[in-house]
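# Fold and geometry: a report
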Amino acid sequence: MVNSPPRLILILGDQLSPAIVALREADKSRDIVVMAEVWDEASYVPHHPKKIALIFAAMRKFAQELRNDGWSVAYTRLDDAQNAQSLVGEVIRRAAETGAQEAIATAPAEWRVIAALEDCPIPVHQFPDDRFLCHASEFADWAEGRKELRMEFFYREMRRKTGILMAGDHPEGGKWNFDHDNREPPKEGLSNRMPPQFEPDETVLEVLDLVELRFGAHFGRLRPFWFATTRAEALVALEDFIQNRLPDFGRYQDAMVQGEAFLNHSILSMYLNIGLLNWREICEAAEAAYRKGTAPLNSVEGFIRQIIGWREYIRGIYFLEGPDYTSRNALGHSRSLPAFYWSGDTDMACLRDAILQTRDHAYSHHIQRLMVTGNFALLAGVDPKEVHEWYLAVYADAFEWVEAPNVIGMSQFADGGIVASKPYVSGGNYIHKMSNHCGRCAYKVKEKIGAQACPFNAFYWHFLIRNKEKFAKNPRMAQMYRVWAKMDADTCAATLETAEANLARIDQL
Ligand code: FAD
Ligand code: DLZ
């Protein structure tokens, strides 16, 4: 009997799930799992050192778990002498080494990597990644023929499809969405319930040394490093969230408190996105807390909506819109990203806090990303591509499929309104209402004119006026144009002058 050559089973750094399709398609007794830490993936943007450390450490431990489970694993470390330093290069090298003539992969979550594998001289069969609730083709069918896409309707379909938080054919509690009861400003003394911190073991310590040496110059603090790097640890993080932070998730999901990075958020996106957790177990754990009476419906529904609603919707948009999505620039913005995004060196307290948290934790929560760093970049007219590259680099959970629709679409309106029905912009008042930053800021949130005024205020009007043609007819924005029309001419002129002056010294704000 002639032995068939082995096939290579490619597992990428965000595919660390034991039940992933490439492994299901493989033959443990014959095939070889290929995993590789490669320079190309670690440097296509200047990833935060914590993000690289998370991925490398989790890859190394996943490879060991596969070996323990009887798989043959060819694992390449970044510093291995033979490392071809690209995913395709490693497939070619391992094929030559083992005699493999084909490879199996779970389709990557990024157009760039999909294209690279398609062009690989060793045929790579890409199987659709079924770790998501909604397949790209199902999303395309749902989107087909709709005049506009709205997450809320998609989300209801996902609730029906899964039966999560359903009472027969009806939504649990009689409503699909309980946001009316959510989004309170922070109460006095609201502070972090820290997520669990995992002591680095030998594998993690080795990776930290490597990352420090090779990526130490990237923006972001590597140490202290306490992320989960195995599925078992990520399950501990999930349980901790469900018990300690989920009950008030809804109330405080939009709140911002100076120096408090985590509040009631789950800090699970990075584990979910690299495959240590899956959407189903997270949503089931949240639903079980509601059914047991340990978390209220407004929090549980709001949380589950983020995962089977927003997360799936965002992924659907990424694959629906195609590889050119990250180049969209519907508002024609071209300003460079202010230098303080890479240092936190600004007198604006809200921006400083969000950027320094990002530096320290490779994390900031949704409202900081949307209404602080994103809002500022949009109001100031920063080139969306630069904004996209910043977000893709600095967050531990950032992978293009999820980052780009959030940044290009939701935050920068650069897709012209596919993700968001209107730009997410606000002056300082929103930040003042939802945070305690403004009382500690060098700028005055109640003023919109002059050098001491909160820069968000004049920027907000400058944005509306320079985009009047595009937005004045949007029914959700028309009211603000009416407010502007009622302001006296001198105030209007001084507001726009303030914005222009601030734009001229944007790096010094
Ligand atoms: P929680 O607040 O606890 O929310 C629970 C979960 O819901 C998250 O873990 C995440 O999986 C999911 N979720 C919530 N909102 C979204 C959303 N809009 N899109 C997709 N999933 C969502 N999320 C990423 O995973 N990667 C990114 O690169 C990313 N970039 C973003 C950039 C901008 C400008 C904005 C506005 C949002 C971005 N998000 C991104 C979405 C969201 O901010 C993060 O998922 C969330 O902050 C992660 O923290 P958490 O796990 O504590 O989330
Ligand atoms: C993000 C990332 C990094 C930093 N490094 C690697 C790596 O060395 N090897 C690898 O297989 N994957 C890595 N990744 C994740 C890939 O870039 C990811 O698969 C694509 O972004 C697709 O989502």
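Structure shown above.
Now for a look at the structure at hand. (Residues numbered from 1 in each chain as written. Chains lettered and ligands numbered in written order. Predicted model: local features only at pLDDT ≥ 70, side-chain atom pairs only at ≥ 80, totals over all residues. Heavy atoms only, no water.)

A word on the site of ligand 1. Taken together, the neighbourhood of ligand 1 is formed by 29 residues, with His265, Ser266, Ile267, Tyr363 and Asn406 sitting nearest. A distance of 2.7 Å separates an oxygen atom of ligand 1 from a polar atom in the side chain of serine 266. Between histidine 366 and ligand 1, the recorded distance is 3.0 Å, taken from a side-chain N or O atom to an oxygen atom. Within the complex, the protein chains bury 99% of what would otherwise be the 810 Å² of accessible surface of ligand 1. Only helix H11 (269-274), helix H13 (297-321), helix H15 (366-380) and helix H17 (400-411) provide two or more residues apiece to the shell around ligand 1. Here the residues of the shell around ligand 1 sort into 15 nonpolar, ten polar and four charged. (Near = heavy atom within 4 Å. Polar contact = N/O pair within 3.5 Å; in protein donor to acceptor, adjacent residues only side chain to side chain. Areas by Shrake-Rupley, 256 points an atom, 1.4 Å probe, with all protein chains shown as cover. Helix = DSSP H or I, 4+ residues; strand = E, 2+ residues; numbered from the N terminus. Nonpolar A, V, L, I, M, F, W, Y, C, P; charged D, E, K, R; others polar.)

Let us look at unusual backbone geometry. If a residue is not glycine, its phi is most likely negative; likewise, a peptide bond is most likely trans. Along the chain, arginine 223 connects to proline 224 via a cis peptide bond; the corresponding omega equals -5°. By the secondary structure assignment, proline 224 is in the loop between helix H8 (202-215) and helix H9 (231-244). For arginine 183, which is not glycine, the phi torsion reads 65° and is therefore positive. Secondary-structure assignment places arginine 183 in the loop between strand E7 (170-171) and H8. Residues other than glycine seldom take positive phi values, yet leucine 263 does so here, at roughly 45°. Here leucine 263 is to be found in the loop between helix H10 (249-252) and H11.

Core analysis: the largest hydrophobic core is formed by 160 residues, its most contacted members being Ile11, Phe56, Leu246, Tyr271 and Phe376. With twelve residues, the single largest contributor to this core is H13. For tyrosine 271, the residues in contact, after removing those within four places along its chain, are Leu54, Phe227, Ala228, Ala234, Ala237, Leu276 and Leu277. By size, the runner-up hydrophobic cluster in this structure holds 20 residues, among which are Ala74, Leu87, Val113 and Ile122. (Core = buried A, V, L, I, M, F, W, Y, C linked by side-chain atoms within 4.5 Å. Buried < 20%, exposed > 50% of the residue type's maximum accessible area, 1.4 Å probe, protein only. Contact = heavy atoms within 4.5 Å.)

This part covers the pattern of salt bridges. Summed over the entire model, instances satisfying the criterion amount to 36 salt bridges. Here arginine 223 and glutamate 212 are joined by a salt bridge, their closest N and O atoms 2.8 Å apart. Here glutamate 212 lies in helix H8 and arginine 223 lies in the loop between H8 and H9, a separation of eleven residues in the sequence. By relative accessible area, which is 36% here, arginine 223 ends up partly exposed. (Salt bridge = Lys/Arg side-chain N within 4 Å of Asp/Glu carboxyl O.)

Turning to the environment of glutamine 15, a few remarks are in order. Residue position: glutamine 15 is located in the loop between strand E1 (8-10) and helix H1 (21-24). The class of glutamine 15 is buried, set by a relative accessible area of 1%. For the pair formed by glutamine 15 and isoleucine 242, sequence separation is 227 residues and the distance between their alpha carbons is 24 Å. For glutamine 15, the contacting residues outside a window of four places in its chain are Leu10, Ile20, Phe62, Thr106, Ala107, Pro108, Arg131 and Ile274.

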